[in-house]
Amino acid sequence: MPSIAPSGALNNFTQSIGSPSATQTYNVTGSNLTGNITVTPPVGYQVSSDGGTNWFTNSNPLVLTPTSGSVNATIMVRLNTATSGNYSGDIVHATSGTA
């Protein structure tokens, strides 16, 4: 049976305007996949799977490509907004292809 399983806990994020928050990490695994996993953060947040070299947003989500039907990735998350305020939401993990 196909599965996507995020694991780990994220704490509240604090950001000073002009620079992103400190990063936090969690893991995502997938098995029996025939399609990519798309990782979409809430508006104002960014995600990375390459140690922070490339950051992805709500409008340009991160795509994880399975190898032999599996994914095992560490995801970095940060808050990076242009205006102050309260930001919340869920990171969505979705795939179009399952075995």
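In case you missed it, the structure is sitting above this.
Here goes a summary of the coordinates provided.

## Focus: unusual backbone geometry
Part 1 of the reasoning: One non-glycine residue, N32, lies in positive phi territory at about 60°.
Part 2 of the reasoning: Classification of N32 by relative accessible area gives partly exposed; the value is 38%.
Part 3 of the reasoning: With phi around 50°, S68 is a residue other than glycine that occupies positive phi space.
Part 4 of the reasoning: The topology assignment puts S68 in the loop between β5 (62-64) and β6 (71-79).

## Quick word on the sheet that holds β5
Part 1 of the reasoning: Strand order in the open sheet formed by three strands is β5-β3-β7, and the pairing between neighbours is antiparallel. Only two strands of the sheet have a single neighbouring strand rather than two, namely β5 and β7 (92-95). Adjacent strand axes in the sheet meet at a mean angle of 25°, parallel and antiparallel pairs treated alike.
Part 2 of the reasoning: In terms of strand pairing, strand β3 (residues 37-40) meets β7 through four bridges, oriented antiparallel. In the sheet register, V39 faces β7, and the bridge partner there is H93.

Cut-offs and rules
- Residues take numbers from 1 onward in each chain, read along the sequence in its written order.
- A pLDDT threshold of at least 70 governs which residues receive local features in this predicted model, and a stricter bar of 80 or more applies before side-chain atom pairs are shown or counted, although totals over entire chains, interfaces and linings include all residues.
- To obtain the side-chain values, all non-hydrogen atoms of the structure were used and water was disregarded.
- When a residue's accessible area, from a 1.4 Å probe over protein chains only, is under 20% of the maximum for its type it is buried; when over 50% it is exposed; and in between it is partly exposed.
- Helix and strand definitions here come from DSSP, where helices need a minimum of 4 consecutive H or I residues and strands a minimum of 2 consecutive E residues; each element is numbered from the N-terminal end.
- In this scheme, strands are said to pair when DSSP sees at least two bridges between them.
- Note on definitions: angles span 0 to 180 degrees between N-to-C directions of axes, and those axes are lines fitted to C-alpha atoms, for helices only across the stretch in contact.

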